[in-house]
Amino acid sequence: LRFFTDSVEAMRLDASGNLGLGTSNPETKMNIEGTTDTELRIKGIANTTGQGASVGLFEGANSVNGGRIRYDGGTNSLNLLGVDGTSTERLGIAIARDTGNVGVGTSTPSAKMHIQDGSAGTVTASSESRLVVESSLEAAISLLTPDNRQSAIYFGSPSDSIGCQVSWKHSDKDLVIGTAVTSGG
């Protein structure tokens, strides 16, 4: 089945059920081709959290396990959501439209990277923070290496790339907290 505009083929539905827009030979269930700025636009008019335009990707066996990519009109964020067997959405990753901040477990990240596993309460991260790890329980960051390798956090500046360090090497039972001038004075 072919559709034309001004004698030019614009869309084709082939015998396999593949739909082609901008192509006469669709290779998948929906194939969109264009010469410049090809875009599939889905517009959802919603300013409510949890609503907006989305694309769902689900398993064929039960159609409830899968995920969604959604632009959330209430939080102004692009969200990647996991959906479990009970159709419950679980926020995975969010990118805030106005700041570009990335949230894992939160749709309103307060730093360039904000990882949240429950609210810490009415506490606000420092405006200087680029990484926020928030939890309603304990919060920790793990640096994992083989026994014979070092895990470290370095503090540096343009004049000294490693001005201070905190490091651990398991095989030597070596914990270092210190300063060192490594370059430039």
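For clarity, every value in this text was computed on a predicted model and none was experimentally measured.

Colleague: Before we move on, could you go through the pattern of salt bridges and cite the residues and values that matter?
Modeller: Think of it this way: side chains of opposite charge can pair up when their charged atoms draw near. Inspection of the entire model under this criterion finds eight salt bridges. For the salt bridge of R70 with E89, the shortest nitrogen-to-oxygen distance reads 2.5 Å. On the criterion of sequence distance, the pair formed by R70 in strand β6 (residues 66–72) and E89 in strand β8 (residues 89–96) is long-range, its members being 19 residues apart. Overall, the relative accessible area of 8% leaves R70 in the buried class. D98 is paired through a salt bridge with R97; the nearest N and O atoms lie 2.9 Å apart. In the salt-bridge network here, residues are joined through shared partners; they are R2, E9 and R12.

Colleague: So what's going on with the sheet that holds strand β2 (residues 8–13)? Residues and values would help.
Modeller: Spatially, β1-β2-β3-β4 is the arrangement adopted by the four strands of the open sheet, whose pairing is mixed. Each of the sheet's edge strands pairs with one partner strand only, and the pair in question is β1 (2–5) and β4 (30–32). Across this sheet, the average inter-strand angle for adjacent strands is 20°, counted without regard to direction. The pairing of β1 with β2 spans four bridges and is antiparallel. Note that in β2 the partner of R2 across the bridge is R12.

Colleague: Talk me through the sheet that holds strand β13 (residues 160–169); I want residue IDs and the actual numbers.
Modeller: Taken together, three strands build an open sheet; the order of strands is β12-β13-β14 and the sheet is antiparallel. Every interior strand has two partners, whereas the edge strands, β12 (150–157) and β14 (174–179), have only one. Geometrically, the sheet is characterised by an average inter-axis angle of 20° between neighbouring strands, direction not taken into account. Pairing between β13 and β14: six bridges, direction antiparallel. Looking at β14, one finds that K169 is bridged to D174.

Colleague: How would you sum up the side chain of Q116? Please name residues and give values.
Modeller: Tracing the chain through its elements places Q116 in strand β10 (residues 113–117). Of the polar contacts made by the side chain of Q116, one reaches the side chain of E134; its length is 3.5 Å.

Colleague: Break down the environment of G156 for me, with residues and values.
Modeller: The topology assignment puts G156 in strand β12. Its relative accessible area of 53% is what places G156 among the exposed residues. Sequence separation of G156 and N18 is 138 residues, and the distance between their C-alpha atoms is 55 Å. Setting aside residues no more than four positions away along its own chain, G156 makes contact with S161, I162 and G163.

Colleague: So, the pairing of β13: which residues are in play, and what are the values?
Modeller: Pairing of β12 with β13, which is carried by seven bridges, proceeds in the antiparallel orientation. Within the sheet, the bridge partner assigned to I153 lies in β13 and is V166. Taken together, β12 and the strand that follows it, β13, pair antiparallel across an intervening segment of two residues.

Colleague: Could you give an account of unusual backbone geometry, naming the residues involved and the relevant values?
Modeller: Notably, D6 is not glycine yet its phi reads approximately 50°, a positive angle. Take D6: it is sitting in the loop between β1 and β2. According to the relative accessible area criterion, D6 is exposed, its value standing at 75%. Not every positive phi belongs to a glycine, and K173 is a case in point at roughly 50°. By secondary structure assignment, the location of K173 is in the loop between β13 and β14. We classify K173 as exposed; its relative accessible area is 56%.

Criteria and thresholds
- Residues numbered from 1 in each chain as written.
- Predicted model: local features only at pLDDT ≥ 70, side-chain atom pairs only at ≥ 80, totals over all residues.
- Heavy atoms only, no water.
- Salt bridge = Lys/Arg side-chain N within 4 Å of Asp/Glu carboxyl O.
- Helix = DSSP H or I, 4+ residues; strand = E, 2+ residues; numbered from the N terminus.
- Buried < 20%, exposed > 50% of the residue type's maximum accessible area, 1.4 Å probe, protein only.
- Pairing = 2+ DSSP bridges.
- Axes fitted to C-alpha atoms, helices over the stretch in contact; angles between N-to-C directions.
- Polar contact = N/O pair within 3.5 Å; in protein donor to acceptor, adjacent residues only side chain to side chain.
- Contact = heavy atoms within 4.5 Å.

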